[in-house]
Amino acid sequence: MEPVDETPRPRSRHIYLLPNLLTTCGLFSGFYAILSAASGRFEHAFAAVFVAGVFDGVDGRVARLTGSSSEFGVQYDSLADLVSFGMAPALVMYHWSLSGMRTDGPIAAKIGWCAAFLYVACAALRLARFNTQVGVVDKRWFIGLNSPSSAGLMMGFAWAFHDWGWSGEELRYFAVALTIACALMMVSRLRYTSFKGERKNERVPFWVMLLIVGFLGALMIDPPHVLFFAAASYAVSGPLYWVWNKLRRKEIAA
């Protein structure tokens, strides 16, 4: 009887390629958003950023499910996020609205592009801080608004008001304020829920599943406004939690 070779077979290379392929799709979506905005096809640009968010949410899970997580994949995903959720939202917002600041003079024009650059810089800082805090901070929380949610708020705002018939130039001052606010929230110390439990295999509550189903149903009916209100609700949850925490500490101290 011949001996049985118990040496484990190497995992298929296609499994390792799959999560990085999904990351590349997200990177392409961000790149396409920039091209679409430069061509004046703003609805395509807004939607492309949200598509990048879908790929960003899937690639990491696929890597963990297939056991193909790697340091290369982590770094590649971070660089792709900088393009899709840093460069793309800033440039789309600039082409849609912030560029209209030049109608108010050269100083206002500089404020417009400076706001866009501030967003990109803060997105890069947010991603760098996240990478250095992996395994250190409580995984139930994000410290600062994560870049995909910040990009969702930026693009949700633009898409919703564009759908309502507003032009970006009419909303240029609101766009400047929102861009700066999103940039600062990313590098803030505000806590945002990551929707992750304490235990690895902790079950998701039934009401959360119902909420997800309801959200997906509403998303099919009216994507621009549902995405905007969902992103805005999540963005304000951080400051609201901070205020609630302060009030609770005062009550305990009293």
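Note that the structure is predicted; figures quoted are calculated from it, not measured.

### Examining the overall build of the protein chain
From N to C terminus, the protein chain includes 8 helices and 2 strands. Reading the protein chain from its N terminus to its C terminus gives the helix and strand order α-α-α-α-β-α-α-β-α-α. Looking at the protein chain as a whole, 40% of its 254 residues are labelled buried. A separation of at least 24 residues holds for 82% of the contacts in the protein chain among residues at least 6 apart in sequence.

### Points about helix α5 (residues 147-163)
Here α5 contains 17 residues, and its C-alpha end-to-end distance of 24 Å stays within 8% of the 24 Å for a straight helix at 1.5 Å per residue. Among the 17 residues that make up α5, 14 are buried, leaving the element largely enclosed by the rest of the structure.

### Structural notes on the packing of aromatic side chains
The tally for this structure, following the rule as stated, stands at 16 aromatic pairs. An aromatic cluster of at least three residues, connected via ring pairs, comprises Phe 42, Phe 46, Trp 96, Phe 157, Phe 161, Trp 164, Trp 166, Phe 228 and Phe 229.

### A look at the environment of Ser 68
By the secondary structure assignment, Ser 68 is in the loop between α2 (42-65) and α3 (71-96). Classification of Ser 68 by relative accessible area gives buried; the value is 4%. For the pair formed by Ser 68 and Asn 20, sequence separation is 48 residues and the distance between their alpha carbons is 9.7 Å.

### With respect to the side chain of Ser 84
Mapped onto the fold, Ser 84 is located in helix α3. With a relative accessible area of 3%, Ser 84 lands in the buried category. Filtering out sequence-adjacent residues up to four positions away, Ser 84 remains in contact with Gly 26, Leu 27, Gly 30, Val 49, Ala 52 and Pro 89.

### Looking at the packing of α3 against helix α4 (residues 106-133)
Direction vectors running N to C along α3 and α4 enclose 160 degrees, while the axes themselves pass 9 Å from each other. Considered as vectors, α3 and α4 are oriented roughly antiparallel to each other. For the element pair α3 and α4, the recorded crossing hand is right-handed. Here α3 contributes Gln 75, Ser 78, Asp 81, Leu 82, Phe 85, Gly 86, Met 87, Pro 89, Ala 90 and Tyr 94 to the contact with α4, which in turn contributes Gly 112, Trp 113, Ala 116, Tyr 119, Val 120, Ala 123, Ala 124, Leu 127 and Asn 131. Of the residues assigned to the contact of α3 with α4, the class counts are 13 nonpolar, 5 polar and 1 charged.

### Re the layout of surface pockets
Of the voids in this model, the second largest pocket is the one considered here, and its volume is about 170 Å³. Forming the boundary of the second largest pocket are Arg 189, Leu 190, Arg 191, Tyr 241, Trp 242, Asn 245, Lys 246 and Arg 249.

### A word on α3
Here α3 is 26 residues long and its end C-alpha atoms lie 36 Å apart, about the 38 Å a rise of 1.5 Å per residue gives. Considering bend angle alone, the principal kink of α3 is centred on Ala 88 and spans about 30 degrees; proline Pro 89 follows within four residues of it.

### With respect to the confidence of the model for the protein chain
When pLDDT is averaged along the protein chain, the result is 87; 89% of the residues meet or exceed 70. At the low end of the mean pLDDT range in the protein chain sits helix α7 (residues 206-221), at 80; at the high end sits helix α6 (residues 172-186), at 96. Scored below 50 in pLDDT, residues 8-14 makes 3 contacts in the model with residues more than four places away or belonging to other chains.

What counts, and at which threshold
Residues numbered from 1 in each chain as written. Predicted model: local features only at pLDDT ≥ 70, side-chain atom pairs only at ≥ 80, totals over all residues. Heavy atoms only, no water. Helix = DSSP H or I, 4+ residues; strand = E, 2+ residues; numbered from the N terminus. Buried < 20%, exposed > 50% of the residue type's maximum accessible area, 1.4 Å probe, protein only. Contact = heavy atoms within 4.5 Å. Expected span 1.5 Å × (residues − 1). Phe/Tyr/Trp six-rings, centres within 6.5 Å; stacked < 30°, edge-to-face > 60°. Axes fitted to C-alpha atoms, helices over the stretch in contact; angles between N-to-C directions. Parallel < 35°, antiparallel > 145°, perpendicular 65-115°, else oblique. Left-handed = near helix turned anticlockwise from the far one by under 90°. Nonpolar A, V, L, I, M, F, W, Y, C, P; charged D, E, K, R; others polar. 1 Å grid on protein atoms, 1.4 Å probe; cavity = no way out; pocket = protein on both sides within 12 Å on 5 of 7 lines; lining within 4 Å. Points joined across faces, edges and corners; volume = space filled by probe spheres on them. Bend = angle between axes of the 7 residues up to and from the residue. pLDDT = per-residue confidence, 0-100.

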